[in-house]
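What follows is the residue order along each chain.
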Amino acid sequence: PSTYQRRIQNFNQKLIDSVYGTFGDHKALAVAEWALPLLDDPLSFLRSAAFNFKVGLFGPKQFIVQNMTYGQIYAIAPQHAPAGSAAALMKQWTRLNKSPATIDKMDEMLSKMGFGWKPGQFKEAMDLLDKTGFEHVFGEYAMIDNSLSTKIIRNGFDRFLDWGQFPFREGEKSARFGAWFTAYKEYRDLHPHGKVSDDDLKLILDRADLMIGNMSRASSSALHTGVMSFSAQFLAYQLRLTEQILGKRLTSAEKARMVFFNWGL
């Protein structure tokens, strides 16, 4: 490797160490691209390859599959899901133009649509969403096996795989928009006044994550590590829903709606 490549690798390692050092004493090795062919980790390779060939590689149906998560959102919060869906559509439009004037107009339009949005709430929800990074779909998604392989230097094959995952990522992003705005509206209806504190923001984020099925790596169980991870990779969604139904984070009514919504779908 050249001097430049070594400096980039050193910077990458320090960045990963700083991130993981924040949450404990664990360290993660950042493997340089030139060393990847020498890495003896067949499970990581197989899971990554399986994801790209099954979910990635320009599969348009995956956009619809990921958007089916709206069924989960409507099952858990049927009263606020329509408001969340309307705001998610507005959010999609702001991706084309995110100027303050555009967001102000979207906020005004949404407050007149009859979904219960009050002036200023959409703007606040947008600002809070930007703080969390919840909308970004990268390696934190449970079925993608490359959470630590964000690459500073990328080649044509890497870009090809990213393009192939475009329908999947856009579908997941769409569902996250719906979950976020639904969770925010649910919170604001209970707390119509006052500033959203950091603790409140964590509650909204946790509720939104619940509505998309807890599909981030933060909710991975023993079934998604080691040898078991290869066979359970594409059962992640079913396992998460089962854990929610058997767990204590949802009410009995929410669990019942989850069962019947998914049964119907």
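Structure: see above.
All of the points below concern the structure found in this document. The residue count restarts for each chain, going from 1 along the sequence in the order it is written. Local features in this predicted model are restricted to residues of pLDDT 70 or higher, and side-chain atom pairs are both shown and tallied only at a pLDDT of 80 or more, whereas totals for entire chains, interfaces and linings draw on every residue. Side-chain measures here rest on the full set of heavy atoms in the structure, leaving out hydrogens and waters.

1. A short note on the packing of helix H7 (residues 121-132) against helix H9 (residues 166-190)
We apply this condition: The angle between two axes is taken between their N-to-C directions and runs from 0 to 180 degrees, where each axis is a line fitted to C-alpha atoms and a helix contributes only its stretch in contact. Numbering goes from the N terminus for both helices and strands, where a helix is a DSSP run of H or I of at least four residues and a strand is a run of E of at least two. Note on terminology: angles under 35 degrees are roughly parallel, angles over 145 are roughly antiparallel, angles of 65 to 115 are roughly perpendicular, and the others are oblique. Handedness of a crossing is defined here by the sense of rotation of the near helix relative to the far one, left-handed for an anticlockwise turn of less than a right angle and right-handed for a clockwise turn. Throughout, a contact is declared for two residues whenever any of their heavy atoms are within 4.5 Å. The residue classification treats Ala, Val, Leu, Ile, Met, Phe, Trp, Tyr, Cys and Pro as nonpolar and Asp, Glu, Lys and Arg as charged. All others, Gly included, are polar.
In the contact formed by H7 and H9, the axes pass within 11 Å of each other and the chain directions differ by 120 degrees. Considering their axes alone, H7 and H9 lie oblique with respect to each other. H7 and H9 meet at a crossing whose hand is right-handed. In this structure, H7 contributes Gln121, Phe122, Glu124, Ala125, Met126, Leu128, Leu129 and Thr132 to the contact, and H9 contributes Phe177, Trp180, Phe181, Tyr184, Lys185 and Arg188. Classifying every residue of the contact of H7 with H9 gives 9 nonpolar, 2 polar and 3 charged.

2. Topic: helix H10 (residues 198-211)
Selection criterion: Expected span of a helix, by definition, is 1.5 Å for each gap between consecutive residues, and there is one gap fewer than residues. Buried means the residue's accessible area, taken with a 1.4 Å probe over protein chains only, is under 20% of the maximum for its type, while exposed means over 50%, and partly exposed covers the values in between.
For H10, spanning 14 residues, the distance from its first C-alpha to its last is 20 Å, which sits close to the expected 20 Å at 1.5 Å a residue. Those residues of H10 that fall on the buried side of the exposure criterion are Asp200, Leu201, Ile204, Arg207, Ala208, Asp209, Leu210 and Met211. Lining the buried residues of H10 we find helix H4 (70-76), H7, H9, helix H12 (236-246) and helix H13 (252-264). Just past H10, the residue glycine 213 takes up positive phi, approximately 90 degrees.

3. Brief notes about the nonpolar core
Here is a general trend for soluble globular proteins: nonpolar side chains tend to be buried in one another's company. Counted only if it meets this: Joining through side-chain atoms within 4.5 Å is the link that ties buried Ala, Val, Leu, Ile, Met, Phe, Trp, Tyr and Cys residues into a set, and such a set is a nonpolar core.
Grouped together as the largest cluster of nonpolar side chains are 38 residues, with contacts concentrated most on Leu110, Trp117, Phe122, Trp180, Phe181, Ile204 and Met211. It is H9 that contributes the most residues to this core, 7 residues altogether. Filtering out sequence-adjacent residues up to four positions away, methionine 211 remains in contact with Thr69, Gln72, Ile73, Ile76, Ala77, Ala179, Thr182, Ala183 and Glu186.

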